[in-house]
Amino acid sequence: MANKIRVTVWNEYRHEKSEESIRAIYPKGIHGCVKDFLDTHDDLEVRIAALDDPDQGLPDDVLNNTDVLMWWGHMAHGDVDDALVQRIKKRVYDDGMGFIAMHSAHMSKPFREIVGTSGKLLWSDDQHELLWNVMPAHPITAGIPEHVDLGIEEMYGEPFMIPQPDELLFISWFEHGYVFRSGCTFYRGRGKVFYFQPGHEACRSFYNEYVQKILYNGIKWAAPTAFGDAMHNCDYRKNIV
Ligand code: ZN
């Protein structure tokens, strides 16, 4: 199929290597698990990248040939190179690359740099989570029921220090009374950004069929759209009296 969407799934990939209990859940790493379910879609071309790869997994020839970058990080946000963060931001703002921040990527350097706030939130132990679909007309929520029972997930709660989202797609309920804006979109420059909360390394959300569908829909939505010619090709001043 022509014009496949080129997806790069970036993972810090540290928990899976250092903790047996996490490796048991995601033996190929979280990025390997995400790639496996995305590979069932023949309109995607998926590759994986990790923090400890050369150039932190994103040399120019990879980043510049990525339509949608997915990001999972947690324990090593500070190790991500600041120059790489600026290259990612530029790809989103100027070239329209999509960026999908998964779970603890709310505190990642690229997410914070792209949306412009700290990304801090209320946090607690693992609890039963219901993910409520509050914008059923959006392409990312297509085919998703009114709520998804995720079982046990890590509690993320409000206040969540993000800009007011351009679109709020999901709100989560946690059994001890917390709520969280668990699916949000942001438009930045020419690019689109989707933040999605499920995906703690010790839980199994990436095996949930609806989580998988939401992420696939998110890629389709975040992929760059075709742009018209830039204004400098048109001498608009001639029309000003
Ligand atoms: Zn977590």
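Here we summarise the structure given alongside this text. (Residues numbered from 1 in each chain as written. Predicted model: local features only at pLDDT ≥ 70, side-chain atom pairs only at ≥ 80, totals over all residues. Heavy atoms only, no water.)

1. Some remarks on the sheet that holds strand 1 (residues 5-11)
Sheet strands associate in pairs through backbone hydrogen bonding, adopting either a parallel or an antiparallel arrangement.
And then number 1: What the 9 strands build is an open sheet, ordered 2-1-3-4-9-8-7-5-6; its pairing is mixed. For this open sheet the edge positions go to strand 2 (44-50) and strand 6 (147-157), each flanked by a neighbour on one side alone. Averaged over all neighbouring strand pairs, the angle between strand axes comes to 25 degrees, with direction disregarded.
And then number 2: The pairing of strand 4 (residues 98-102) with strand 9 (residues 191-196) spans 4 bridges and is classified as parallel. Residue A101 lies in a different strand from strand 9, and its bridge partner there is Y195.
And then number 3: Against the sheet, helix 7 (residues 209-222) contacts strand 1, strand 2, strand 3 (68-72), strand 4, strand 5 (122-133), strand 6, strand 7 (167-174), strand 8 (179-188) and strand 9, and its axis sits at roughly 165 degrees relative to strand 9. (Pairing = 2+ DSSP bridges. Helix = DSSP H or I, 4+ residues; strand = E, 2+ residues; numbered from the N terminus. Axes fitted to C-alpha atoms, helices over the stretch in contact; angles between N-to-C directions. Contact = heavy atoms within 4.5 Å.)

2. Focus on the pairing of strand 4
And then number 1: Buried residues dominate strand 4, accounting for 5 of its 5 residues.
And then number 2: Here strand 4 shows no split at all, with G98, I100 and M102 on one side and F99 and A101 on the other all buried.
And then number 3: Two strands pair when backbone bridges link them, and strand 3 and strand 4 are joined in this way by 4 bridges, in the parallel orientation. Opposite W71, over in strand 4, you have A101 as the bridge partner.
And then number 4: At this point the chain moves from strand 3, through helix 5 (residues 82-95), to the parallel strand 4, and the crossover so formed is right-handed. (Buried < 20%, exposed > 50% of the residue type's maximum accessible area, 1.4 Å probe, protein only. Right-handed = clockwise from strand over helix to strand, strands pointing away.)

3. Here we look at the coordination of the zinc ion
And then number 1: The protein atoms that coordinate the zinc ion are H103 (NE2), E154 (OE) and H200 (ND1), at distances of 2.0 to 2.1 Å.
And then number 2: All donor residues of the zinc ion come from one chain, and their arrangement in sequence is H-x50-E-x45-H. Separated by 97 residues along the polypeptide, H103 in the loop between strand 4 and helix 6 (109-115) and H200 in the loop between strand 9 and helix 7 bring together distant segments of the chain. (Donors = N, O, S within 2.8 Å, 3.2 Å for Na, K, Ca; no water.)

4. Quick look at a nonpolar patch on the surface
And then number 1: On the surface, a nonpolar cluster with roughly 390 Å² of combined accessible area is contributed by W132, V134, I171, W173 and V179.
And then number 2: Relative accessible area serves as the criterion here: at 40%, V134 is assigned to the partly exposed category. (Patch = residues over 30% accessible without salt bridge, like charges linked within 9 Å, V, L, I, M, F, W, Y side chains within 5 Å. Areas by Shrake-Rupley, 256 points an atom, 1.4 Å probe, with all protein chains shown as cover. Salt bridge = Lys/Arg side-chain N within 4 Å of Asp/Glu carboxyl O.)

5. Considerations on the environment of I171
And then number 1: Inspection of the secondary structure assignment puts I171 in strand 7.
And then number 2: Judged by its relative accessible area of 30%, I171 is partly exposed.
And then number 3: Along the sequence, I171 and S18 sit 153 residues apart, while their C-alpha atoms lie 32 Å from each other.
And then number 4: Non-local contacts of I171, meaning those with residues more than four positions away in its chain, are made with L130, L131, W132, V134, F180 and S182.

6. Some remarks on the side chain of H106
And then number 1: Assignment of secondary structure puts H106 in the loop between strand 4 and helix 6.
And then number 2: According to the relative accessible area criterion, H106 is buried, its value standing at 6%.
And then number 3: Of the polar contacts made by the side chain of H106, one reaches the backbone oxygen of G119; its length is 2.7 Å. (Polar contact = N/O pair within 3.5 Å; in protein donor to acceptor, adjacent residues only side chain to side chain.)

7. Focus on the side chain of Q197
And then number 1: With respect to the helices and strands, Q197 occurs in the loop between strand 9 and helix 7.
And then number 2: Judged by relative accessible area, which is 0%, Q197 ranks as buried.

8. Comments concerning the nonpolar core
And then number 1: Residues V7, L38, M70, F206, L215 and I219 are the most contacted members of the largest nonpolar core, which totals 35 residues.
And then number 2: In terms of residues, this core owes the most to one element, helix 7, which gives 7 residues.
And then number 3: In contact with L215, other than residues within four places in its own chain, are F37, M70, I100, M102, F196 and F206.
And then number 4: In this structure, L84, V92, A105 and F186 belong to the second largest nonpolar core, which totals 32 residues. (Core = buried A, V, L, I, M, F, W, Y, C linked by side-chain atoms within 4.5 Å.)

9. Side note on the pattern of salt bridges
And then number 1: Applying the stated criterion across every chain yields a total of 15 salt bridges.
And then number 2: In this structure, R14 engages D52 in a salt bridge whose closest nitrogen and oxygen atoms are separated by 2.8 Å. Of this pair, R14 sits in the loop between strand 1 and helix 1 (15-18) while D52 sits in the loop between strand 2 and helix 4 (60-63), and the two are 38 residues apart along the sequence.
And then number 3: Residue D52 is classed as partly exposed on the basis of its relative accessible area, which comes to 44%.
And then number 4: Ionic pairing is found between D36 and K28, a salt bridge with its closest N-O pair at 2.8 Å.
And then number 5: Residues joined by salt bridges that share partners form a network here, namely R14, K17, D52 and D79.

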